[in-house]
Amino acid sequence: MLAEREVETGADDLLGAVGVISGSWQRPDQVQISGSAASISNDHNTAFNETLLPMFLQNIDLLNAAYAESYVVIRIPHGEDGQVQGWIGPTDANGNVGPFGHADYQTAGTALTAAQLADIMKPDPDHPGTNDIRIPPFESTAGIRPVMVQFIGEAGHFPQPPLEEAHEQIGQLFYDDGVGALVLQFSDQPAGPKSTVINFNSKRGRNHNSVIIEPR
């Protein structure tokens, strides 16, 4: 191509790259990208190998669709203030929980009981400074039940990308302007594997406790 086409006027480098996507192509959990940048004016090449991580979306239509397909919403307060809140989807005559079916999960579902809420947030015994977010157990006919976990905080409080590493069980990341929270959609499976440690990217020296999301 270089022998046939003129390099773009004003260009400084030629770039070649290849990427490997992990997860679904619609919602990858990471992209490993590697390649080389070659200077046009000299023979210097600079190799690179980076991991691209998902950024949170502020798209109300996609956010509403994610709430509608989810079975549980858990709200984690900021710092030591406030209480954990939660809602679970509608239950049929056989006791099986279904998805909310609507973005207004508080109306479509049922608030979790005080006993359920008290058992959600626990310090992880194996990881100091890390909290377990334990999804309340429930019966369902579905093999995978999406769960929305909200972390209260202003949008500017969370950098892009908001997490330090990839997580295959986190299908989507949003910022919910109505609630004022970063929202992770976790792919819950009955008695399935818990997440690896989820570390939040820090911003302006603000530190967040890491969390582990644990199905039951």
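This next bit is on unusual backbone geometry. With an omega dihedral of -5 degrees, the bond running from Gln-160 to Pro-161 counts as a cis peptide bond. Even without being a glycine, Ala-191 presents a positive backbone phi close to 55 degrees. For Ala-191, the position within the fold is in the loop between β11 (181-188) and β12 (210-214). For Ala-191, a relative accessible area of 70% translates into the label exposed.

Let us look at the side chain of Asp-132. By secondary structure assignment, the location of Asp-132 is in strand β8 (residues 130-134). The charged side chain of Asp-132 is buried without a salt bridge, its nearest counter-charge being Lys-194 at 5.4 Å. When residues no more than four places from it in sequence are discounted, the contact partners of Asp-132 are Ile-120, Met-121, Lys-122, Pro-123, Asp-124, Pro-125, Ile-212 and Glu-214.

Burial within β8 is extensive, with four of its five residues counted as buried. Where strand β7 (residues 121-123) meets β8, three bridges bridge the pair, whose relative direction is antiparallel. Pairing of Lys-122 across the sheet is with Asp-132, part of β8. Hairpin geometry of β7 and β8 is characterised by an intervening segment of six residues between the two adjacent antiparallel strands and by a positive phi of about 75 degrees at Gly-129.

Turning next to the nonpolar core. If you look at the biggest cluster of nonpolar residues, it comprises 29 residues, and the most contacted ones within it are Ile-74, Ile-133, Phe-151 and Leu-184. When contributions to this core are tallied by element, the ones reaching two or more residues are β4 (72-76), β9 (145-152), β10 (170-176), β11 and β12. Setting aside residues no more than four positions away along its own chain, Ile-133 makes contact with Ile-74, Ile-76, Ile-120, Met-121, Val-149, Phe-151, Val-211, Ile-212, Ile-213 and Glu-214. Core analysis: the next-biggest nonpolar cluster, separate from the first, contains 10 residues, Val-73, Trp-87, Phe-100 and Phe-174 among them.

Conventions and cut-offs
- Residues numbered from 1 in each chain as written.
- Predicted model: local features only at pLDDT ≥ 70, side-chain atom pairs only at ≥ 80, totals over all residues.
- Heavy atoms only, no water.
- Helix = DSSP H or I, 4+ residues; strand = E, 2+ residues; numbered from the N terminus.
- Buried < 20%, exposed > 50% of the residue type's maximum accessible area, 1.4 Å probe, protein only.
- Lys, Arg positive; Asp, Glu negative; His and termini not counted.
- Salt bridge = Lys/Arg side-chain N within 4 Å of Asp/Glu carboxyl O.
- Contact = heavy atoms within 4.5 Å.
- Pairing = 2+ DSSP bridges.
- Core = buried A, V, L, I, M, F, W, Y, C linked by side-chain atoms within 4.5 Å.

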